[in-house]
Amino acid sequence: RLEKNVRKVYPYALKISDMLIDYSTIMDSLEQYPRLIKYKKKRDIFSKIEDELISKYGYSIKKLRKSQGRILIRLVDRETSRTSFQVIKDFRNIFSAGFWQLTAKIFGHNLRSAYNPNKGEDRMIEYIINRIENEKRKS
């Protein structure tokens, strides 16, 4: 079951990572604007990212199961070296990040959890991802 879930959400994590890299230069250039304008521009960028994900993957990305959401949170940290909480905080603000952290906690997740490929479930996820990448290389 874990392998099936990882195979489903791994492409999402890769796409999110690519998009964050693409938009990071734009985010860095926003520092020159006043707070309100910077907030609106960040919100617009975050909405563009969300729209791109929905246009590429449809609404299936919004219909993830609880365990798939947990895995996606871990894989975003693996691919971006930033927790999901930090990503939301960077693109929105601390209050939005706090709201989503609270919502995640209600469903048993933690947006601040860091990916550790040497422990627990993360170790198995890393093994599955290595298998997926080896399969891609062979084809």
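Residues numbered from 1 in each chain as written. Predicted model: local features only at pLDDT ≥ 70, side-chain atom pairs only at ≥ 80, totals over all residues. Heavy atoms only, no water.

## Some thoughts on the overall build of the protein chain
The line we're drawing: Going along the chain from the N terminus, every DSSP run of H or I of four or more residues is numbered as a helix, and every run of E of two or more is numbered as a strand. Burial classification: accessible surface area is computed with a 1.4 Å probe over protein chains only, and a residue below 20% of its type maximum counts as buried, one above 50% as exposed, and the rest as partly exposed.
Across its full length, the protein chain carries six helices and zero strands. Going residue by residue from the N terminus, the α and β elements of the protein chain occur as α-α-α-α-α-α. Each principal axis of the C-alpha distribution contributes one length, and for the protein chain these read about 50 × 35 × 30 Å. In the protein chain, buried positions account for 37% of the 139 residues.

## Notes on the environment of Y57
Convention followed: Residue contacts are defined here by distance: any two heavy atoms, one from each residue, within 4.5 Å place the two residues in contact.
With respect to the element layout, Y57 can be found in helix α2 (residues 35-57). If sequence neighbours within four positions are ignored, Y57 has contacts with P11, Y12 and K15.

## Comments concerning a nonpolar patch on the surface
Which entries qualify depends on this criterion: A patch consists of residues whose relative accessible area exceeds 30% and which take part in no salt bridge; residues with like charges are grouped when within 9 Å of each other, and nonpolar side chains (Val, Leu, Ile, Met, Phe, Trp, Tyr) when within 5 Å. All accessible areas in this document rest on Shrake-Rupley with a 1.4 Å probe, and a residue is counted as covered only by the protein chains that are shown. What makes a salt bridge here is a side-chain nitrogen of Lys or Arg within 4 Å of a carboxyl oxygen of Asp or Glu, nothing more.
Taken together, the side chains of L102, I106 and F107 make up a nonpolar region of the molecular surface, amounting to roughly 360 Å² of accessible area. Among the secondary structure elements, F107 is positioned in the loop between α5 (94-106) and α6 (120-138). Among the residues examined, F107 registers a relative accessible area of 51% and is labelled exposed.

## Side note on the nonpolar core
Counted only if it meets this: Only buried residues count toward a nonpolar core, which is a set of Ala, Val, Leu, Ile, Met, Phe, Trp, Tyr and Cys residues joined through side-chain atoms within 4.5 Å.
Counting residues in hydrophobic clusters, the biggest one holds 28 residues, and the most contacted among them are V6, I49, L75, F91 and I125. Elements with a minimum of two residues in this core: α1 (2-29), α2, α3 (66-80), α4 (84-91) and α6. Discounting chain neighbours no more than four positions away, the residues touching I49 are M19, L20, Y23 and F91. In this structure, I88, A97, A104 and L111 belong to the second largest nonpolar core, which totals six residues.

## A closer look at the pattern of salt bridges
Under the defined criterion, the tally for this structure stands at nine salt bridges. Between E3 and R7 there is a salt bridge, and its shortest N-O distance comes to 3.0 Å. One end of the pair, E3, and the other, R7, are both in helix α1, four residues apart, so they sit about a helical turn from each other. Classification of E3 as partly exposed rests on a relative accessible area of 24%. With a relative accessible area of 33%, R7 lands in the partly exposed category.

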